[in-house]
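Analysis of the macromolecular model
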Amino acid sequence: NTFASIAQGEIEASSQAIEWGHEKRMMKGKANIGNLYGYEKIKTEDGISITINEKQADIIREIYKMYLEGMSYNGIATELTRRGIKTYYNKDLWGAKTVASILSNISYTGNLLTRKITTDLFSNKKRPSDGIRDQYFIENHHLSIISKEVFEHVQEKKDKNKCTST
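Residues numbered from 1 in each chain as written. Predicted model: local features only at pLDDT ≥ 70, side-chain atom pairs only at ≥ 80, totals over all residues. Heavy atoms only, no water.

1. So, a negative patch on the surface
Among the surface-exposed residues, Glu149, Glu152, Glu156 and Asp159 lie close enough to one another that they form a single negatively charged patch. Mapped onto the elements, glutamate 152 comes out in helix α5 (residues 148–164). (Patch = residues over 30% accessible without salt bridge, like charges linked within 9 Å, V, L, I, M, F, W, Y side chains within 5 Å. Areas by Shrake-Rupley, 256 points an atom, 1.4 Å probe, with all protein chains shown as cover. Salt bridge = Lys/Arg side-chain N within 4 Å of Asp/Glu carboxyl O. Lys, Arg positive; Asp, Glu negative; His and termini not counted. Charge placed at Lys NZ, Arg CZ, Asp CG, Glu CD. Helix = DSSP H or I, 4+ residues; strand = E, 2+ residues; numbered from the N terminus.)

Right, here's the structure in full:
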C-alpha cells in the first residue's frame, strides 16, 4: 500500500510537470492541433509545421457546404461513405458523430481553442474543460480551410436546429 501511494505521488508530480510545460507553450501561443482531418504535421528543425492536405481540405469545405445546404450529419456521413472517401484513420465508414465534430471544430478557421477536454489521470475519462482549467484561444495559429464566417453560419444553423428539435 505504501508503494502504491509513492507511485501515485510520482505519477501526479510527473503529470503536473508535463502540464506546466504545456501551459507555458500555450501562453506563448504555441499548441498542438492534434490529429485533424485536412491537415498534415511535418517535423522541422523549429518544431512542427502544419500544412493543409488539399484533397482532405476539399472534403472539409464540402462537409460545411452540404450542412449549410440542409443535409443532416447522418446524410453527410452516408454520402461520404457512398463516395468511398476515407476518414482520417483510413476507414471506409463515416459516422454522424465525426461529421458533427468536424462542423464544431474551430480549428478549421486557422484558430485554436486549447483544452476543450480534460482527461482524468486515473480513470482516463474525458469531460469538457469549461471552468476547470484555463483555455487559450490562439488566433491565426495555422492556415485556415474555411472562413470564420462559414464556421459561424454553421454554428448558428446548428443552434437553430437544436431549438427546433426540442
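2. A word on the pairing of strand β2 (residues 47–52)
Strand direction decides the pairing type here: strand β1 (residues 39–44) and β2, joined by six bridges, are antiparallel. By the bridge assignment, glutamate 40 is partnered in β2 with threonine 51. Remark: two residues form the turn of the hairpin made by β1 and β2, two consecutive strands paired antiparallel. (Pairing = 2+ DSSP bridges.)

3. A short note on helix α4 (residues 96–104)
Among the residues of α4, those classed as buried are Val99, Ala100, Ile102 and Leu103. With its buried residues spanning 160 degrees around the axis, α4 presents them on a single face. (Buried < 20%, exposed > 50% of the residue type's maximum accessible area, 1.4 Å probe, protein only. Arc of directions from axis to C-beta.)

4. A closer look at the pattern of salt bridges
Side chains bearing opposite charge may pair, as long as their charged atoms lie close to each other. In the structure shown here, the tally under the stated rule is eight salt bridges. Where aspartate 58 meets arginine 61, a salt bridge forms, and the shortest distance between an N and an O atom there is 2.8 Å. Taken together, the residues span about one helical turn, with aspartate 58 and arginine 61 both in helix α2 (residues 54–68) at a distance of three residues. For arginine 61, a relative accessible area of 29% gives the class partly exposed. Two residues, glutamate 62 and arginine 83, come together in a salt bridge whose shortest N-O distance is 2.6 Å. Of this pair, glutamate 62 sits in helix α2 while arginine 83 sits in the loop between α3 (73–82) and α4, and the two are 21 residues apart along the sequence. Judged by relative accessible area, arginine 83 falls into the partly exposed class, the value being 34%.

5. Some remarks on the side chain of lysine 158
Structurally, the position occupied by lysine 158 is in helix α5. One buried charged residue, lysine 158, forms no salt bridge at all, with the nearest opposite charge on aspartate 159 at 6.8 Å.

6. Some details on the packing of aromatic side chains
Working definition: an aromatic ring pair is given by the centre-to-centre distance plus the angle between the planes. Within the structure shown, the criterion is met by four aromatic pairs. For the pair tyrosine 88 and tyrosine 89, a centre-to-centre distance of 4.9 Å together with 80 degrees between the ring planes defines the contact as edge-to-face. Owing to a relative accessible area of 31%, tyrosine 88 belongs among the partly exposed residues under this scheme. The side chain of lysine 157 reaches across the aromatic face of tyrosine 67, ending 5.9 Å from its centre. (Phe/Tyr/Trp six-rings, centres within 6.5 Å; stacked < 30°, edge-to-face > 60°. Lys NZ or Arg CZ within 6 Å of the ring centre and 35° of its normal.)

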